Amino acid sequence: MLITLNDVIIGVIYVVWVGLVTLKLSKLVAKKTNTYVARKFIHMAGGGVVAITSPFLLSSPLVVIVASYLMMSYLLIRRLRQPMSWFQESDNMGEVFFSFSFGTILLIMWVLEPNFWQLGNRYLYVALLPLIFMSFGDGVTGIVRNYVYGRRFKGFWGSVGMLVLTAPLGYVLLSVPGLLSAVIATAVEILPLLDDNLSVSFLSFAFLLAAVKLG
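Residues numbered from 1 in each chain as written. Predicted model: local features only at pLDDT ≥ 70, side-chain atom pairs only at ≥ 80, totals over all residues. Heavy atoms only, no water.

**Student:** Hey, could you run me through the overall build of the protein chain in this one?
**Tutor:** A tally of regular secondary structure across the protein chain gives 7 helices and 0 strands. Counting from the amino terminus, helix and strand elements in the protein chain follow one another as α-α-α-α-α-α-α. Taking 17 Å as the expected radius of gyration for a compact globule of 215 residues, we find that the protein chain reaches 17 Å, a close match to that expectation. Over its C-alpha atoms, taken along the principal directions, the protein chain stretches across nearly 45 × 40 × 25 Å. Put simply, the protein chain has 215 residues, and 50% of those count as buried. Within the protein chain, contacts between residues separated by at least 24 positions form 72% of all contacts whose residues are at least 6 apart in sequence. (Helix = DSSP H or I, 4+ residues; strand = E, 2+ residues; numbered from the N terminus. Rg over C-alpha atoms; globule rule 2.2 N^0.38 Å. Buried < 20%, exposed > 50% of the residue type's maximum accessible area, 1.4 Å probe, protein only. Contact = heavy atoms within 4.5 Å.)

**Student:** Explain the packing of helix α4 (residues 94-112) against helix α7 (residues 196-214) here, please?
**Tutor:** Working note: a packed helix pair is described by the angle between its axes plus the distance between those axes. Close contact between α4 and α7 brings their axes to 8 Å; oriented N to C, the two are set at 20°. Compared by their axis directions, α4 and α7 come out roughly parallel. In this structure, α4 meets α7 at a crossing whose hand is right-handed. Along its contact with α4, which presents G94, F97, F98, F100, S101, T104, I105, I108, M109 and L112, the element α7 presents N197, L198, S201, F202, F205 and L209. Its residues assigned to classes, the contact of α4 with α7 shows 11 nonpolar, 5 polar and no charged. (Axes fitted to C-alpha atoms, helices over the stretch in contact; angles between N-to-C directions. Parallel < 35°, antiparallel > 145°, perpendicular 65-115°, else oblique. Left-handed = near helix turned anticlockwise from the far one by under 90°. Nonpolar A, V, L, I, M, F, W, Y, C, P; charged D, E, K, R; others polar.)

**Student:** Help me out: how do you make sense of the layout of surface pockets in this one?
**Tutor:** The rolling of a water-molecule-sized probe over the atoms marks out the regions of remaining empty space. Its boundaries defined by the atoms lining it, the largest pocket holds a volume of some 530 Å³. Lining the largest pocket are 26 residues, and of these V18, A67, S68, M71 and S99 sit closest to its centre. Only α1 (5-32), α2 (35-57), α3 (62-81) and α4 provide two or more residues apiece to the lining of the largest pocket. Of all the elements, α3 adds the most residues to the lining of the largest pocket, at 9 residues. Of the residues contributing to the lining of the largest pocket, the split by class is 17 nonpolar, 8 polar and 1 charged. (1 Å grid on protein atoms, 1.4 Å probe; cavity = no way out; pocket = protein on both sides within 12 Å on 5 of 7 lines; lining within 4 Å. Points joined across faces, edges and corners; volume = space filled by probe spheres on them.)

**Student:** Explain the environment of V49 here, please?
**Tutor:** Along the chain, V49 falls in helix α2. Exposure remark for V49: the relative accessible area of 29% places this residue in the partly exposed category. Remark: the alpha-carbon pair of V49 and S135, spanning 86 residues in sequence, is separated by 8.7 Å. Each residue touching V49, except ones within four places of it in the same chain, is listed here: W17, M44 and F136.

**Student:** I would appreciate a short explanation of the pattern of salt bridges in the present structure.
**Tutor:** Two side chains with opposite charge may pair up if their charged atoms get near one another. Applying the stated criterion across every chain, the model contains 5 salt bridges. For R39, the salt bridge identified is with E95, shortest N-O distance 3.3 Å. Of the two residues, R39 sits in helix α2 while E95 sits in helix α4, which places them 56 residues apart along the sequence. When sorted by exposure, R39 lands in the same class as E95, which is buried. Note that K40 and D138 form a salt bridge whose closest N and O atoms lie 2.9 Å from each other. On the criterion of sequence distance, the pair formed by K40 in helix α2 and D138 in helix α5 (residues 122-149) is long-range, its members being 98 residues apart. For K40, a relative accessible area of 7% corresponds to the buried category. One connected set of salt bridges, linked through shared partners, spans R39, R79 and E95. (Salt bridge = Lys/Arg side-chain N within 4 Å of Asp/Glu carboxyl O.)

**Student:** Sorry, what's going on with the nonpolar core here?
**Tutor:** Side chains that are nonpolar tend, in soluble globular proteins, to be buried together. Ranked by size, the top nonpolar core spans 53 residues in total, and within it F102, L106, M109, F116, V126 and L131 carry the most contacts. Sorting the residues of this core by element identifies α1, α2, α3, α4, α5, α6 (156-190) and α7 as the ones contributing at least two each. Of the residues forming this core, the biggest block, 11 residues, is contributed by α5. Aside from chain neighbours lying at most four places away, what touches F102 is G47, V50, A51, V64, S68, L131, M134 and S135. (Core = buried A, V, L, I, M, F, W, Y, C linked by side-chain atoms within 4.5 Å.)

Structure representation (structure tokens):
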């Protein structure tokens, strides 16, 4: 069975929570801080919370995948019609890429390993670690940089903050490959060639997938 009544109920709760974070709480954060911090708050309180809790609450990743693509569509529509100025920026589609990466990585993993959505399954962590890196790692990086440098700047201390958070978690969940994936995620986050909501998630996912399959 792809979806259960419990999945639907939890899915509705997630939608309400992410909606609250995106439409209300992040606006309060923006007023107290700025747009940049508000974006990172949404990453962590929205996507990050779902990434950590959903394997415990849902019988499959279907609800999260569908919700991610719906969120991506909603963000695109709002961007075109009535941008949410407290976090959406005309020259930065990071929130759209974030939702796309979230749903797509879970979908790819589900296609490759249909039974991955089980606690203790290594492939579950192959899928979740990149999402956690993207949510909390990149989120902490942005917040550290904002308060250290006072502006959006890919500086050294933000990367340190990301690595300090992600490396232990990667090692606990997937040993050396998990640790190395955290280093990779931190390294590619600095590069300006690709939006980090794509580079951090997909490159660390590709590495972990290859490492676990070959290992």
